[in-house]
Every structure is written in C-alpha cells, then in structure tokens.
Amino acid sequence: MADNKKYSTLVSNTILFAISNFSSKLVSLFIQPYLTYALESPDVMGVIKLMQSVTNLLIPVVSLGVSFAVIRFGLDKTKDKSSVFMNGLATILAGFALMLLLWPAVRLIPNAANYLVLLYLCVLASCLRTLCTQFVRARMCNRLVAVDGVLTTATLLGFYLLFLSVFDLGATGYLLALFCSDICSAVFVFLAGGCRRYFEPAKLDKALWGEMLRYCVPMIPASISFWVINASDQFYVQAMCSGYEGRTSEAWVGLLSTGYYLPQIITFVGQFFYEAWQLSAVTVEEDREAFFSKVFRVYASVLFCCAAGIVWLCQPLMNLFRADYFDAWQFVPFLVLASLCTCLNNFLNSVYVVYKKSSQSLYTMLSGAVLNLVLNYLFILWFGPVGAASASFLSLLLVFLLRARSTRGLLYIDFHPKWMLVNLGLILVEIWALFYVENWVAPVTLLTLVVCGLNFREVYSMARKLAGMVAGRLRRRRS
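On a predicted model such as this, the values are computed, not experimentally measured, just so you know.

Explain the overall build of the protein to me, using residue names and the numbers behind them.
Each helix and strand in the protein was counted, giving 19 helices and 0 strands. Relative to its 479 residues, the protein shows a buried fraction of 56%. Within the protein, residue pairs in contact and separated by at least 24 positions form 82% of the contacts whose partners lie at least 6 positions apart. Carbon and sulfur atoms make up 67% of the accessible area of the protein, which amounts to about 20,400 Å² in all.

Okay, structure coming up:
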C-alpha cells in the first residue's frame, strides 16, 4: 500500500503541475508563430532572444541560485519556514543591489545598452516570482501553484497583445510583457499563498543563511554552465554567421531561436514531471533505489517517444510560421535531442538535491559547458549555424554520462543502457533520413513507429495510471 501511495503522490503532483504549466506552455506554443507575424523580421526576433538569454544569465547570478535552497530547506521539517523565506528574500535583494553597482559593466553586454532598465526589471521580477512559487511549493501548496500558472498565462498573453499588437513596441514590448506578467504573479502568490505571514525580518537566521548559501552557491556556476550550453550558441551564431547564405547574423539567431519552438514540447513534459518529482525524490525514503529506477524507465520512454514524434513532424509544423522562418526546421532535430538530455539530466540532478551534493551538479555542468564552447566554434565553422544545435546535444549528452556515473556513488539507478542506446540510435537514423533521404516521409514515419513500439509498455502503464487517477477524482466529486 505504501509503495502504491508514493507512485500515486508522484502522479497526483505531476497532474497538478501539468495543470499549472499547461496553459502557459500552450500559449508558448502558439505565441512563437504569433511573434513571427507581430515582429518585423527574423532580425528583431534575434534581438529579442538575445536579450532574453542575457536575462536568463543574470537571474542565477543575482539570486545566487537561492530558489534551489528555498525548496530544499523549505521541505526540511526541522527548519523554520520564516527563516527560509527571509533568507531567500535577503539574498535576492543583496544580489540585485550588487547588480545595480555593476550597471556600467552590464551595459557592455552586446545589445543590452538599449534595454538595460527593462533587463533589470525582468531579472528582479523573475527572482521574486521564483522565490514565492518555490516557497509555497515547499509548503506543499501545489493547487495554488496550479492556479498561479493559469493566471500568469492569462496576464502574459494579455500583455503580449497589448504591447506588441496594440502599441507595436517590438522588442521593448516583449520585455515589458515579461516583466509585468512576472511581477503580477509574484504579488498574487505572495498574498494568496500567505507568504506575508512569513515576512518577519527578525527571523533572519545567519547560521541557516550560511547553510543555504553553501548549498546553493555551487548552483550559480552550474546554472551559468547550463546557460552556456543552451544559450551561448545564439551569441556564437551572431558573431560568426553574418552574411552566411545571404542572411544577417541576427536573422540566423532568429531562425535558431525559432528552432527551439518544437523541442519546447519535450522541455514542457520535463518541467511538468520534475516539479512534482523533486518533491517525491526528497520525501520518499523507503526503497529509494527501486523507486528511482522504475520512474526513470517510464520517464525516459515518454521522452524518447516525444523526441521521435517531433523529429517526424518538424518540417510540416514549420508551415505555421511566416514563410521566411521555414528554414528553422534544420535546427530542430538536434535541439530535440538536446532537450531530451536536459530532461534526463534534471532527473539525475534530483539525486544531488536529495543528498545535498550540489558541487557534483557543478562539475558535471561545467564539463558540458567547456565542451560546448569548443564544439560551438568548430561546428559552426564546419557546418554553419546548424552546427550549434549538434554542439548543444553532444555537450548535454556528456553531462548525462558524467551524472550517470557520479550518482552511482550516492544511489544506484538501473539505466538499462542497451535499451537507451537502441532508442538513441533509432532517432539518430531518423534524423539522418530527414536530412539526406529525398523521399524521407516513409522511412522517418517507420522509424518513429518503431521507437514508439519499443517504449509502448512503459508509456501505456503511465497512461493507465494517469487515467485511473483522473477517473477516481471524478468519482469522488460525484459522490
């Protein structure tokens, strides 16, 4: 019974976080095609994505990665929750004050000078929102997180339409929409989640603060390394691809960022699951190795099926975009594999979270980042802008291999390596056929079906459990 309960809890939390994120992710899937029509050209899209990448780089630096500590220590029943919240808030405010002092240096980031005030506001709003949502999640207020996800989606969509379609503010409007949506979410969660009850400056705990910082500070270079692998390709493309095939470097950045559109589906699946998984990973202590191994097999099966399906659909779905964005499909296949590796890496990172071994998260991500910097240069030099996508995949694959090895010393997980190699090999053959076989539809379709068939049992078992959970809830409501 206890064994069933821990799986049911994981499934229940996954459903809640899926509800929380589904609407926002659905909007993200629709908003990317909308942006290609709302903005003037791929060049403007390139500038937007570069600025968003800068924001994503500054967030872990400003917050010192404290959101990781807030949820980990917030889940610890021996820690005072007011102290956890106040220490997190103090960390963010101190980091933001330091960033204000570094204003002249931040201006030197390419393209940042024209949007500096908005960049700062976006960073602060994102840090505050993450603090509040991670804190209420640590208190198991999962339904509130779900409601916030829906409301945040609605406000983001409204602000996009207002600033891009009504006022036609371009890149400025895009960043302004992000800021307004995040700050509204932070205020809502702070009030609705009762965070004000924990706002007690007297509860600042220096000893706990030091413990939290020792845990989360190694996450900063780890987060920066993750950023290097996932976003530095845009800056490489901007620097190296001007005039390639008659396009500007900003246009290639715009196509590359549009190429992330379809791989987002895998990332969304991973986010739905991971937000629930990190709660179960920490709180479930009985028979942990078998629990991790079983969940990993089912999770990886879902990801492989999604990856094969997205590669199969990448060319047809690019017709949703304006015609001058169609060539972005070339970036999709290897970005799909990169997203798959990211999801698997996050799963293994949960082992480090459980045992508070954040330093191991650092060295694995740092190794991937160093490889990415080298491969980005070489692959773009040899293969053009598309080389950046395969560089990201290989770098994240290295991170997975390192984590699979290092976690063995903490927790034994059965990865079923032969099964994983077969899945990866089939998808790589599928990608080869997509690029090099003139009539690619038949072989790519067949390979997609083979991958899905290979993973059918695990995916079906998960679908049955989800259906059973939903049906049980409906029966309880009717009764």
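There is more to say, and it comes next.
Quick one: what's the story with the packing of aromatic side chains, residue by residue and with numbers?
Each aromatic ring pair is specified by the distance between its two centres and by the angle formed by the two planes. Using the criterion set out here, one finds 22 aromatic pairs in the structure. Note on W252 and F331: the rings are 6.4 Å apart at their centroids and 70° apart in plane angle, and the pair reads as edge-to-face. In this pair, W252 is assigned in helix α11 (residues 249-259) and F331 in the loop between α13 (288-317) and α14 (332-354), connecting sequence segments 79 residues apart. Neither W252 nor F331 differs from the other in exposure class; each is buried. Arranged with centres 5.7 Å apart and planes meeting at 85°, the rings of F304 and W419 form a pair that is edge-to-face. Here F304, found in helix α13, pairs with W419, found in helix α17 (residues 417-436); they are 115 residues apart in sequence, far enough to count as distant. Each member of the pair, F304 as well as W419, is classed as buried. Put simply, the rings of F296, Y299, F347, F400 and F415 pair up and form one aromatic cluster. R247 extends its terminal NZ or CZ atom over the ring of W252, reaching a point 5.0 Å from the ring centre. Positioned above the aromatic ring of W419, the side-chain terminus of R297 is 4.2 Å from the ring centre.

Tell me about the environment of R197, residues and numbers included.
Relative to the helices and strands, R197 is located in the loop between α8 (170-192) and α9 (206-216). Separated by 115 residues in sequence, R197 and S82 have C-alpha atoms that sit 8.0 Å apart. Excluding its chain neighbours within four sequence positions, the residues that come into contact with R197 are S82 and R139.

Explain helix α16 (residues 387-406) to me, and be specific about the residues and the numbers.
Counted at 1.5 Å a residue, the expected span for α16 with its 20 residues is 28 Å, and the 29 Å between its end C-alpha atoms agrees. The buried fraction of α16 is high, at 14 of 20 residues.

Describe in detail the side chain of R403, supporting the description with residues and values.
Tracing the backbone shows R403 in helix α16. Using a relative accessible area of 3% as the deciding quantity, one classes R403 as buried. Of the polar contacts made by the side chain of R403, one reaches the side chain of T364; its length is 2.9 Å. If we skip the residues at most four places from it in the chain, R403 touches N345, N346, L348, N349, Y352, S361, T364 and M365.

Provide a residue-level description of the packing of helix α4 (residues 81-101) against helix α6 (residues 116-138), including the pertinent values.
Two elements in contact, α4 and α6, have axes whose closest approach is 11 Å; the angle formed by their N-to-C orientations is 170°. On the basis of their axis angle, the class for α4 and α6 is roughly antiparallel. Only Y120, V123, L124, C127, L128, L131, F135 and A138 of α6 make contact with α4, whose side of the interface consists of K81, F85, G88, L89, I92, F96, M99 and L100. Classifying every residue of the contact of α4 with α6 gives 14 nonpolar, 1 polar and 1 charged.

Tell me what's going on with the environment of A308, and back it up with residues and numbers.
Note that A308 resides in helix α13. Taking relative accessible area as the criterion, A308 reaches 0% and is therefore assigned buried. Separated by 116 residues in sequence, A308 and L424 have C-alpha atoms that sit 9.5 Å apart. Apart from residues no more than four positions distant in its own chain, A308 is found in contact with I427, E430, T448 and V451.

Give a detailed account of the side chain of S67, specifying residues and quantitative values.
On the secondary structure map, S67 appears in helix α3 (residues 66-74). Among the residues examined, S67 registers a relative accessible area of 16% and is labelled buried. Excluding residues within four positions of it along the chain, S67 makes contact with T130 and Q134.

Which residues make up the environment of S392, and what values do they have?
Within the secondary structure, S392 is located in helix α16. According to the relative accessible area criterion, S392 is buried, its value standing at 2%. Taking the C-alpha atoms as reference points, S392 and N372, 20 residues apart in sequence, are found 6.2 Å from one another. Those residues in contact with S392 that sit more than four places away from it in its chain are I229, D233, A338 and N372.

Definitions and cut-offs
Sequence order as written defines residue numbering, which begins from 1 separately in each chain. Local features in this predicted model are restricted to residues of pLDDT 70 or higher, and side-chain atom pairs are both shown and tallied only at a pLDDT of 80 or more, whereas totals for entire chains, interfaces and linings draw on every residue. Based on all heavy atoms of the structure, the side-chain values leave hydrogens and waters out of the count. We count a stretch as a helix when DSSP gives it H or I for four or more residues in a row; a strand needs E for two or more, and each element gets its number in order from the N terminus. Only protein chains enter the accessibility calculation, which uses a 1.4 Å probe. A residue is then buried if its area is under 20% of the maximum for its type, exposed if over 50%, and partly exposed in between. Here a residue-residue contact requires only that any non-hydrogen atoms of the pair lie within 4.5 Å. Accessible areas in this description were obtained via Shrake-Rupley with a 1.4 Å probe; residue shielding takes into account the shown protein chains only. Two aromatic rings from Phe, Tyr or Trp, using only the six-membered ring of Trp, form a pair when their centres are within 6.5 Å; if the ring planes differ by under 30 degrees the pair is stacked, by over 60 it is edge-to-face, and anything between is tilted. Ring-over charges, as used throughout, are those where CZ of Arg or NZ of Lys falls within 6 Å of the ring centre and within 35 degrees of the ring normal. A helix is expected to span 1.5 Å multiplied by its residue count minus one. Two N or O atoms form a polar contact when they lie within 3.5 Å of each other; inside protein one atom must be a possible hydrogen donor and the other a possible acceptor, and for residues adjacent in sequence the pair counts only when both atoms belong to side chains. Lines fitted to C-alpha atoms define the axes, with helix axes restricted to the stretch in contact, and inter-axis angles between N-to-C directions lie between 0 and 180 degrees. Should an angle lie under 35 degrees it is considered roughly parallel, over 145 roughly antiparallel, and from 65 to 115 roughly perpendicular; all remaining angles are considered oblique. Only Asp, Glu, Lys and Arg are considered charged in this grouping, and only Ala, Val, Leu, Ile, Met, Phe, Trp, Tyr, Cys and Pro are considered nonpolar; every other residue, Gly among them, is considered polar.

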